[in-house]
Amino acid sequence: GIAVELVIAVYSFVGIAATADGPLAQSLETLCQRWRVPEDVAGASFMAFGGSAPEIIVAAVSTMKASVAMQGHHRTALDAEAHSAYATSLGISSVVGSGMLAFTLIPGLCALVVPRTLRLKRRPVVRDAAGYLLSLALLHRCVLRGH
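All figures in this text were calculated on a predicted structure; none of them were measured in a lab.

Peer 1: Give me the overall build of the protein chain: which residues, what numbers.
Peer 2: On a plain count of helices and strands, the protein chain comes out with four helices and zero strands. The secondary structure elements of the protein chain, listed N-terminal to C-terminal, are α-α-α-α. Among the 147 residues that make up the protein chain, the fraction classed as buried is 10%. Pairs at least 24 residues apart make up 50% of the contacts formed inside the protein chain by residues separated by at least 6 positions. Carbon and sulfur atoms form 68% of the exposed surface of the protein chain, whose accessible area is close to 12,100 Å².

Peer 1: An account of unusual backbone geometry is needed here, citing residue identities and associated values.
Peer 2: If a residue is not glycine, its phi is most likely negative; likewise, a peptide bond is most likely trans. Although it is not a glycine, Arg-36 sits at a positive phi angle of roughly 55°. Mapped onto the elements, Arg-36 comes out in the loop between α1 (2–35) and α2 (39–70).

Peer 1: How would you sum up the pattern of salt bridges? Please name residues and give values.
Peer 2: Counted under the stated rule, the structure contains one salt bridge. Between Arg-127 and Asp-128 there is a salt bridge, with the nearest N and O atoms lying 3.1 Å from each other.

Peer 1: Please set out a nonpolar patch on the surface residue by residue, giving values where relevant.
Peer 2: Taken together, the side chains of Leu-101, Leu-105, Ile-106, Leu-109, Leu-112 and Val-113 present a nonpolar region at the surface, about 600 Å² in accessible area. Judged by relative accessible area, Val-113 falls into the exposed class, the value being 68%.

Peer 1: I'd like a description of α1, backed by residues and values.
Peer 2: When the terminal C-alpha atoms of α1 are compared, their 46 Å separation across 34 residues agrees well with the 50 Å that a helix rising 1.5 Å per residue should span. Burial runs low along α1: only three of the 34 residues are buried. Among the residues of α1, those classed as buried are Gly-22, Leu-28 and Cys-32. Of the residues one or two after α1, Arg-36 is the one with positive phi, at around 55°.

Calculation rules
- Residues numbered from 1 in each chain as written.
- Predicted model: local features only at pLDDT ≥ 70, side-chain atom pairs only at ≥ 80, totals over all residues.
- Heavy atoms only, no water.
- Helix = DSSP H or I, 4+ residues; strand = E, 2+ residues; numbered from the N terminus.
- Buried < 20%, exposed > 50% of the residue type's maximum accessible area, 1.4 Å probe, protein only.
- Contact = heavy atoms within 4.5 Å.
- Areas by Shrake-Rupley, 256 points an atom, 1.4 Å probe, with all protein chains shown as cover.
- Salt bridge = Lys/Arg side-chain N within 4 Å of Asp/Glu carboxyl O.
- Patch = residues over 30% accessible without salt bridge, like charges linked within 9 Å, V, L, I, M, F, W, Y side chains within 5 Å.
- Expected span 1.5 Å × (residues − 1).

Take a look at the structure:
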């Protein structure tokens, strides 16, 4: 049960670390050199995409699988609408959950592990927090309107 899940989790983290440290970092350096992209821009874009791509793909695939699995199995329009809401909520919860993890848990754990006090510049922190809040507000608006 739990022991097997812990072993799988540790194995997955070691695999991700090996992949991110080797091929992903080398590929990012090559892209930066070829396209003359500054390192901070590459870190904020390519690394962010590389880190978020698995969640985005899982959310998209699970939402599509849920939609396809229930096609033709609806007795009424109400059943179809309920299933559509379920498939949408599955994708939204995955994206919001991974965002919350990326913006709260990971920075918090980093702050706990670092042996010295971190000095953060206010502008990037405020920019990222404002961007995340804006995207959550837009998502909330779309969900309320049913888009």
